[in-house]
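Structure at a glance
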Amino acid sequence: MKHIVKIMVLLVAISACWIGLLQTSIIPRKHTWLLPIYFIVSLGCYGLLMVGVGLMNFPTCPQEALLLHQDIDEAKEFLKRRGVDVGSE
Amino acid sequence: MVKEKKNKYSIIVPTYNERLNIALIVYLIFKHLRDVDFEIVIVDDGSPDGTQEVVKQLHQVYGEDRILLRPRAKKLGLGTAYIHGLKHVSGNFVVIMDADLSHHPKYLPSFIKKQLETGASIVTGTRYVKGGGVHGWNLMRKLTSRGANVLAQTLLWPGVSDLTGSFRLYKKSVLEDIISSVVSKGYVFQMEMIVRASRKGYHIEEVPITFVDRVFGSSKLGGSEIVEYLKGLAYLLVLDSN
């Protein structure tokens, strides 16, 4: 099954709920008509929030650059002694 | 009497003009995989900088049975490099990693350990969880990465936190199964691999890795990359999982 079909099924289910709400008037009609807009806007806000939070908590590792340099020096020393060309590029 | 099969790990490293890095990465792999049966398959696409000469020097130090040089005539792309490398592996597990030291071999034991603990078909390295991380990205790059990730998670429900990562351990049979049907190129290739695997129901585990961006100054995220990414997402949405 294509993944987009799963998404469609979900949207159809949500739409069915929405139409159901329209017909049974549990919520006043005025508000129900606006629900899809609320949904899309909420989804957009949630997405932006996730991006923002993720950006704030973006895992960084500055110490890794230093460790890498140490590893590179260690490797160069070992390899030079054994005849591998590690001349600076 | 059941004969216990020992595990052998074949590490495929595609190279193009990695004369210095290939020597460093080979040293580091040997340093961190002391008690492991492994081989390194170097797929060099006819590097003009003498990468293959350096590999031959490495043969003298480490042996030709542990370092397999399997070159190609010219630059032909990553996906086909893996397929080419796969033809020469003798292990039952395959690791793919970059040659430019953005992937550090010190994580190899954690990939192996995770696979042995969980029996997973694929262990993929993730940069985006606690314990992992990225160094060398400016704010714009982090923003696009995060935005792309949120979009992909929302649309694809992939089950992994890092879709475009290319530091992965596969069971050889699983890699062979998936790679034959992949059509995308570039980093969308990596996305397609993991999404196909996930849809087919393969057991996928993640380990945190750190990524030190070594390609300083080159703009890897331009408008065309973004378009390519969106096209990749659209393709993966309509991908048939069989």
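The rules behind each value
- Residues numbered from 1 in each chain as written.
- Chains lettered and ligands numbered in written order.
- Predicted model: local features only at pLDDT ≥ 70, side-chain atom pairs only at ≥ 80, totals over all residues.
- Heavy atoms only, no water.
- UniProt positions renumbered as here; feature names shortened; annotations may be inferred.
- Helix = DSSP H or I, 4+ residues; strand = E, 2+ residues; numbered from the N terminus.
- Rg over C-alpha atoms; globule rule 2.2 N^0.38 Å.
- Buried < 20%, exposed > 50% of the residue type's maximum accessible area, 1.4 Å probe, protein only.
- Contact = heavy atoms within 4.5 Å.
- Areas by Shrake-Rupley, 256 points an atom, 1.4 Å probe, with all protein chains shown as cover.
- Lys, Arg positive; Asp, Glu negative; His and termini not counted.
- Charge placed at Lys NZ, Arg CZ, Asp CG, Glu CD.
- 1 Å grid on protein atoms, 1.4 Å probe; cavity = no way out; pocket = protein on both sides within 12 Å on 5 of 7 lines; lining within 4 Å.
- Points joined across faces, edges and corners; volume = space filled by probe spheres on them.
- Nonpolar A, V, L, I, M, F, W, Y, C, P; charged D, E, K, R; others polar.
- Axes fitted to C-alpha atoms, helices over the stretch in contact; angles between N-to-C directions.
- Parallel < 35°, antiparallel > 145°, perpendicular 65-115°, else oblique.
- Left-handed = near helix turned anticlockwise from the far one by under 90°.
- Phe/Tyr/Trp six-rings, centres within 6.5 Å; stacked < 30°, edge-to-face > 60°.
- Lys NZ or Arg CZ within 6 Å of the ring centre and 35° of its normal.
- Buried area = accessible area lost by both parts, 1.4 Å probe.
- Salt bridge = Lys/Arg side-chain N within 4 Å of Asp/Glu carboxyl O.
- Polar contact = N/O pair within 3.5 Å; in protein donor to acceptor, adjacent residues only side chain to side chain.

The name given to chain B in an unreviewed UniProt entry is Dolichol-phosphate mannosyltransferase subunit 1, with the source organism recorded as Salix dunnii. Entered under Sequence similarities (unreviewed entry) in the UniProt record, the comment concerning chain B runs "Belongs to the glycosyltransferase 2 family." For chain B, the Subcellular location (unreviewed entry) comment in UniProt is given as "Endoplasmic reticulum".

For chain A, an unreviewed UniProt entry supplies the name Dolichol-phosphate mannosyltransferase subunit 3 and the organism Salix dunnii. Recorded in UniProt for chain A, the comment headed Pathway (unreviewed entry) runs: "Protein modification; protein glycosylation." The UniProt entry for chain A carries the following comment under Sequence similarities (unreviewed entry): "Belongs to the DPM3 family."

Before going further, it helps to examine the overall build of chain B. A tally of helices and strands in chain B yields eight helices and nine strands. For chain B, whose C-alpha radius of gyration is 18 Å, the value lies close to the compact-globule estimate of 18 Å for 242 residues. Dimensions of chain B along its principal axes, counting C-alpha atoms only, are 50 × 50 × 35 Å. In chain B, which comprises 242 residues, the share counted as buried stands at 53%. Long-range pairs, those at least 24 residues apart, make up 82% of the contacts in chain B with a sequence separation of at least 6. Total accessible area on chain B is roughly 10600 Å²; 55% of this is exposed by carbon and sulfur atoms. Considering chain B, the positive charge centre built from 32 side chains and the negative charge centre built from 24 side chains are found 2 Å apart.

On to the layout of surface pockets. In this approach the atoms are scanned with a rolling probe the size of a water molecule, which exposes any empty space left behind. Considered as a void within the structure, the second largest pocket measures approximately 690 Å³ in volume. For the second largest pocket, the lining is made up of 25 residues, of which L11, F39, I40 and L43 of chain A together with T154 of chain B are closest to its centre. When residues of the lining of the second largest pocket are traced back to their parent elements, those giving at least two are α1 (3-24) and α2 (29-56) of chain A together with α5 (139-156) of chain B. A per-element tally of the lining of the second largest pocket places α2 of chain A first, with nine residues. In terms of residue class, the lining of the second largest pocket is built from 18 nonpolar, six polar and one charged.

So, on to the packing of helix α7 (residues 186-199) of chain B against helix α8 (residues 223-237) of chain B. Think of two packed helices as two axes; the pair is described by the angle between the axes and how far apart they sit. Residues and elements named next belong to chain B. Packing of α7 against α8 brings their axes to within 10 Å, and their N-to-C directions diverge by 15°. Here α7 lies roughly parallel to α8, going by the angle between them. Like other packed secondary-structure pairs, α7 and α8 cross with a definite hand, here right-handed. Taking contact as the criterion, the partners of Y187, V188, M191, E192, V195, R196 and R199 in α7 are, on α8, E225, E228, Y229, G232, L233, Y235 and L236.

All names here are of chain A. With numbering aligned to this structure, UniProt lists the feature "transmembrane region" (unreviewed entry) at residues 7-27 and 33-58. Overall, residues 7-27 shows 86% helix and 0% strand. The separation of its end C-alpha atoms is 26 Å. In residues 33-58, helix accounts for 92% and strand for 0%; the two terminal C-alpha atoms are 39 Å from one another.

Applying the stated criterion to the full structure yields 11 aromatic pairs over all chains. Seen from their ring centres, F58 of chain A and Y128 of chain B are 5.8 Å apart, and the 70° between their planes marks the pair as edge-to-face. Of this pair, F58 of chain A sits in the loop between α2 and α3 (62-81) while Y128 of chain B sits in the loop between β5 (122-126) and β6 (133-135), placing the two residues on different chains. The residues F58 of chain A and Y128 of chain B share a single accessibility class, namely buried. Look at F78 of chain A and Y27 of chain B: their rings are 5.0 Å apart centre to centre, the planes differ by 45°, and that puts the pair in the tilted class. Taken as a pair, F78 of chain A in helix α3 and Y27 of chain B in helix α1 (residues 19-32) lie in two separate chains rather than in one. Chaining the aromatic ring pairs together yields one cluster made of F78 of chain A together with Y27, F30, F38 and Y62 of chain B. Of note, R127 of chain B hangs over the ring of F211 of chain B, and the distance from its end group to the ring centre comes to 5.0 Å. It is R141 of chain B that lies over the ring of W137 of chain B; its NZ or CZ is 4.0 Å from the centre.

Contact residues are listed per partner, giving 45 residues for chain B and 34 residues for chain A. Sorting the residues of chain B by area buried against chain A places L20, Y27 and R146 of chain B first, and these three jointly supply 17% of that buried surface. Taken together, chain B and chain A are joined by four salt bridges. On the surface where chain B and chain A come into contact, there are 15 residue pairs in polar contact (both at pLDDT 80 or more). Counting residues per element, the ones that place at least two in the side of chain B that touches chain A are α1, α2 (51-62), β6, α5, β9 (210-212) and α8 of chain B. If one sorts the elements of the side of chain B that touches chain A by residue count, α5 of chain B sits on top with nine residues. For the side of chain B that touches chain A, the residue count by class is 27 nonpolar, nine polar and nine charged.

This part covers the packing of α1 of chain A against α2 of chain A. Residue and element names in this part refer to chain A. As a packed pair, α1 and α2 sit with axes 9 Å apart at the nearest point and diverge in direction by 165°. Relative to α2, α1 is oriented roughly antiparallel. As α1 packs across α2, the resulting crossing turns out to be right-handed. Only R29, T32, W33, L35, P36 and F39 of α2 make contact with α1, whose side of the interface consists of I14, W18, L21, L22 and Q23. Class assignment of the residues belonging to the contact of α1 with α2 gives a composition of eight nonpolar, two polar and one charged.

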